[in-house]
Each structure stands twice: as C-alpha cells, then as structure tokens.
Amino acid sequence: MSKRNIAGAVFLSIIGVIFIFSALHMHSFGFPDESDMDDYVIENTQEETGANNGVTSVVFDYRGFDTLGEATVLFTAVAGVIMIFRRLHDD
Amino acid sequence: MIEMSRIVRTIVAIIFPFSMIYGLYVIAHGHLTPGGGFQGGAIVASACVMVLVAFGSKWTTEKIKEKRLSVFESVGAVAFIGLAFLGLIFGAVFFNNFLVGNDYLFGVVPLPGSSLADINTAGVLPLMNFAVGLKVIAGLFAIVLVMAYATTSYKEGKK
C-alpha cells in the first residue's frame, strides 16, 4: 500500500466516524429545536396567501426571491446552451 | 436524430396527450396539490422530448422552431417579474400577493384547517405557476431541441 492509499483510508475512516457520531445524535424526526418559522407558516398561510398548499405559498410568496433566482438560473442555462449550439447549424 | 420504428411512433402518439394533460394538471393545480410550475413544466417538456426522440429532429423542427420557444420563455420570465412588480404597485412590497381577498379572480380565502380544494383561491400564485410553467416548458424543450438539431446538421455536414 502506498502512502497515498493509507492517507485516504485514514481520512475516509475519520469522515465515517464523524457521520456515525452525528447520526447517533440526531434529533428525532419531526421535533426540531427551532420551529417558530414553521409554526408561523403553518398557521398563517391559508389566511395570508389563500393557498391550501403551504409549499407553493412559501415558494411563490414568502420566498419569491428564491424562485426568481431559480428562474434566472434556468434562463442563463438555456441562453448558454443555445449560444453554443446555434453556431453549428448556422454554417 | 432520425426517427424510430413505427411501433415506437404509434405508442408515443397514444401516450403523448395523456402526459400533456397530466403535466398541465400539475401546473394548474399547483396551489392545491403537490407540484407546481417547475414540476409540471418538466413533465410537459419530457412529453415533448419523447415526441422528439420518437419522430426525429427534422420532423419536430418543421413543427416548432427554437426561436419561437425562446419567445415563449421570455414571455414567461417577463410575466413572472411583471407580476412581482404589480405587487410593488398595488400592494406594499415586491412579490406582494395583491390579488388575495378580492371577489373576482383567484381571490377566495379558504377556511383555516383542511377543506375541499377550490381552484379559485391563492391570489397571484396560480398566475405565477403558469408563468414559471411556460418558462420551464419552453426552456427545457429548447435545450434538447437545439442539441438534437445541432448533432444532426453536424453529421450531415461531415458526409
């Protein structure tokens, strides 16, 4: 075994120990420490946004800027792909 | 990309309308059921890509041009940002849900707690879902269409 393999094995085992340690100390599912924001959305989403689907009300209303960024990413990707491939079939 | 066999084309012609209806349903009911503009747009774009793979890029580019898809995508983006700015004008802040609470368009406020789904709710959320859905459909299909057509013309140019 080379030094590189030994170093990799040590590094991976350290990461594995960290993962197992953090998995053993996780919160139980559905009981977070800080739930103020969740409770606010669950209680007020129907009267504030009128939507029965809380996820959509977060995505398009409470966090509209995030969706605007996602749409910009999609636009940039499409613009880049069309810019690369258009030159091939214009020749 | 050349067209596939007659069996594949027939099956795709049968399946295509159902997948279109399912994707448009996911977009239109984004404020009631799981899903929304991004997810439904991906479903509709997958249906269009299925047609592209089965019928070949030459047949498909006769039906729809990539320039028209770019126009659709820009219309979706402008509608999305325009709705956000309308919130700035009619409401208080950017992305304000100014349509909720009125009587005519998407203005009904549901009762708190679980209730039967009413499609006439949620203010600007359905309109934003439509805008983002149009943007995702046109964007994803334009990517695949341009790549397929570019590979075809590259092969033909080499011969």
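Computed from a prediction, not measured in an experiment: that's the story for all the values here.

**Quick word on the overall build of chain B**
No. 1: Scanning chain B from N- to C-terminus turns up five helices and zero strands.
No. 2: Traced from its N-terminal end to its C-terminal end, chain B shows the element sequence α-α-α-α-α.
No. 3: For 159 residues, the compact-globule estimate of 2.2 N^0.38 gives 15 Å, and chain B exceeds it by more than 25% at 19 Å.
No. 4: Over its C-alpha atoms, taken along the principal directions, chain B stretches across nearly 65 × 30 × 20 Å.

**Details of the overall build of chain A**
No. 1: Scanning chain A from terminus to terminus reveals four helices and zero strands.
No. 2: Helices and strands in chain A line up, N terminus first, as α-α-α-α.
No. 3: Radius of gyration (C-alpha) of chain A: 24 Å, far over the 12 Å computed for a compact globule of 91 residues.
No. 4: C-alpha extents for chain A along the principal axes are approximately 60 × 60 × 15 Å.
No. 5: Burial status across chain A gives 21% buried among its 91 residues.

**A closer look at the confidence of the model for chain B**
Residue and element names in this part refer to chain B.
No. 1: Here chain B averages 83 in pLDDT, and 94% of its residues register 70 or above.
No. 2: Within chain B, helix α3 (residues 57-63) has the poorest average pLDDT of any element, 80, and helix α1 (residues 6-28) the best, 91.
No. 3: Complex prediction metrics read pTM 0.77 and ipTM 0.77.

**With respect to the interface of chain B and chain A**
No. 1: Chain B puts 36 residues into the contact, and the matching count from chain A is 24 residues.
No. 2: At the level of elements, α4 (66-90) and α5 (125-158) of chain B are the ones that each hand at least two residues to the side of chain B that touches chain A.
No. 3: Per element, the largest residue contribution to the side of chain B that touches chain A is 14 residues, and it comes from α5(B).
No. 4: Residue classes in the side of chain B that touches chain A are distributed as 23 nonpolar, ten polar and three charged.

**Thoughts on the packing of α1(B) against helix α2 (residues 37-55) of chain B**
Residue and element names in this part refer to chain B.
No. 1: At a closest axis distance of 8 Å, the pairing of α1 and α2 adopts a crossing angle of 165 degrees. Between α1 and α2, the angle falls in the class roughly antiparallel. Two packed elements cross with a definite hand, and for α1 against α2 that hand is left-handed. Between α1 and α2, the contacting residues are Val-8, Arg-9, Val-12, Phe-16, Ser-19, Met-20, Tyr-22, Gly-23, Leu-24, Val-26 and Ile-27 on the first element and Gly-37, Gln-39, Gly-40, Gly-41, Ile-43, Val-44, Ala-47, Met-50, Val-51, Ala-54 and Phe-55 on the second.
No. 2: Looking at the contact of α1 with α2, its residues break down into 15 nonpolar, six polar and one charged.

Reading the values: rules and limits
Residues numbered from 1 in each chain as written. Chains lettered and ligands numbered in written order. Predicted model: local features only at pLDDT ≥ 70, side-chain atom pairs only at ≥ 80, totals over all residues. Helix = DSSP H or I, 4+ residues; strand = E, 2+ residues; numbered from the N terminus. Rg over C-alpha atoms; globule rule 2.2 N^0.38 Å. Buried ≥ 20, exposed ≤ 12 C-beta atoms within 10 Å, placed from the backbone. pLDDT = per-residue confidence, 0-100. Contact = placed C-beta atoms within 7 Å. Nonpolar A, V, L, I, M, F, W, Y, C, P; charged D, E, K, R; others polar. Axes fitted to C-alpha atoms, helices over the stretch in contact; angles between N-to-C directions. Parallel < 35°, antiparallel > 145°, perpendicular 65-115°, else oblique. Left-handed = near helix turned anticlockwise from the far one by under 90°.

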